[in-house]
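Letter by letter, the chains look like this.
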Amino acid sequence: MTATVLDPRTALVVVDLQKGIVGLPTAHPTAAVVARSVTLADAFRAKDLPVFLVRVTGGAPGRNEGRAPAGKPAADWAEIVPELGPLDSDIVITKQQWGAFHGTALDLELRRRGITQVVVTGVATSIGVESTARAAHEHGYHVTVATDAVTDMDAEAHRNSIEKIFPRLGETDTAEAIVKLLG
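Treat the numbers as computed from the prediction; the structure is a model and nothing was measured.

1. Side note on the sheet that holds strand 2 (residues 51-56)
With respect to topology, six strands assemble into an open sheet ordered 3-2-1-4-5-6, the strand pairing being parallel. Each end of this open sheet is capped by a strand with a single partner; those strands are strand 3 (91-95) and strand 6 (171-173). In this sheet, neighbouring strand axes are inclined to one another by 25 degrees on average, regardless of whether the strands run parallel or antiparallel. Across the sheet, helix 4 (residues 125-138) touches strand 1 (10-15), strand 4 (117-123) and strand 5 (142-151), and the angle it forms with strand 5 is around 170 degrees. Sheet contacts for helix 5 (residues 155-169): strand 5 and strand 6; angle to strand 5, the most-contacted strand, approximately 165 degrees.

Below is the structure:
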């Protein structure tokens, strides 16, 4: 679905564009995802709309069949990529789960600012981005995903989220189209 409108109180939520994640092999180059997220962040900042930069520093407890990461992450692993800032006006959210809502102050910070809609970008499409978009939808926010500002380690998982999941949660469009909607 093409994005049709942005609410007057819309926030940008950038998921996991941090040093330790952008270097991972992905289906689409993370440099382009970062560049488009920066374009969106600059446009939101210019309109005095909030930019939330989400980073992950841990993982949810519980068993799974996935491989555990080997070794200790680099000291700067959780730092937001420098192209994004953060600027003084940005809100940094640190999460321990896939999604940016559970166990964080994201919902509280959005509501304090009267936010009714979120635009979501980041990595990984089918994990952090999708979990955040689902929770935003469940919390009653209008959701827009910038489909050219997300990527995944798995091309098929990325495609599934873009084609099957995100259209059920809200609207999707390119970063350029979303910037145009900001006016």
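Here the narrative resumes, following the displayed structure.
2. Focus: the packing of helix 4 against helix 5
Any two packed helices are characterised by the angle at which their axes cross and by the distance between the axes. Packing of helix 4 against helix 5 leaves a shortest axis separation of 10 Å and a crossing angle of 5 degrees. On the basis of the axis angle, helix 4 is roughly parallel to helix 5. Packed against helix 4, whose contacting residues are Thr125, Ser126, Val129, Glu130, Ala133, Arg134 and His137, the element helix 5 presents Ala157, His158, Ser161, Ile162, Ile165, Phe166, Arg168 and Leu169 at the interface. Tallied by class, residues from the contact of helix 4 with helix 5 come to seven nonpolar, five polar and three charged.

3. Some points on the pattern of salt bridges
Considering all chains together, one arrives at 13 salt bridges under this definition. Here Asp42 and Arg45 are joined by a salt bridge, their closest N and O atoms 3.3 Å apart. Here the residue Asp42 and the residue Arg45 both occupy positions in helix 2 (residues 30-46), the gap between them amounting to three residues, near one helical turn. Residue classification places Asp42 among the partly exposed positions, given a relative accessible area of 42%. Glu176 is the partner of Lys180 in a salt bridge, and the nearest nitrogen-oxygen pair spans 3.6 Å. Of this pair, Lys180 and Glu176 both sit in helix 6 (residues 175-182), separated by four residues, roughly a single helical turn. Residues joined in a network through salt bridges with shared partners are Lys19, Asp76 and Glu79.

4. Some details on the packing of helix 2 against helix 6
Where helix 2 meets helix 6, the axes come as close as 10 Å, and the angle between the chain directions of the two elements is 5 degrees. By the angle between their directions, the pair helix 2 and helix 6 is classed as roughly parallel. Listed contacts from helix 6 to Arg36, Thr39, Leu40, Ala43 and Phe44 of helix 2 are Ala175, Ile178, Val179 and Leu182. The residue makeup of the contact of helix 2 with helix 6, split by class, is seven nonpolar, one polar and one charged.

5. Digging into the pairing of strand 5
Judged by how many residues are buried, strand 5 sits mostly within the fold: seven of 10 residues are covered. Direction of pairing for strand 4 relative to strand 5: parallel, over a ladder of six bridges. Following the sheet pairing, Val120 is matched in strand 5 by Val145. Following the backbone out of strand 4, through helix 4 and into the adjacent parallel strand 5, one traces a crossover that is right-handed. The pairing of strand 5 with strand 6 spans three bridges and is classified as parallel.

6. Things to note about helix 4
Taking the largest bend as the criterion, helix 4 deviates by roughly 25 degrees, centred on Ser131. Turning to helix 4, its buried residues number three or more, namely Thr125, Gly128, Val129, Glu130, Thr132, Ala133, Ala135 and Ala136. On the buried face of helix 4, the contacting elements are strand 1, strand 4, strand 5 and helix 5.

Basis of the calculations
Residues numbered from 1 in each chain as written. Predicted model: local features only at pLDDT ≥ 70, side-chain atom pairs only at ≥ 80, totals over all residues. Heavy atoms only, no water. Pairing = 2+ DSSP bridges. Helix = DSSP H or I, 4+ residues; strand = E, 2+ residues; numbered from the N terminus. Axes fitted to C-alpha atoms, helices over the stretch in contact; angles between N-to-C directions. Contact = heavy atoms within 4.5 Å. Parallel < 35°, antiparallel > 145°, perpendicular 65-115°, else oblique. Nonpolar A, V, L, I, M, F, W, Y, C, P; charged D, E, K, R; others polar. Salt bridge = Lys/Arg side-chain N within 4 Å of Asp/Glu carboxyl O. Buried < 20%, exposed > 50% of the residue type's maximum accessible area, 1.4 Å probe, protein only. Right-handed = clockwise from strand over helix to strand, strands pointing away. Bend = angle between axes of the 7 residues up to and from the residue.

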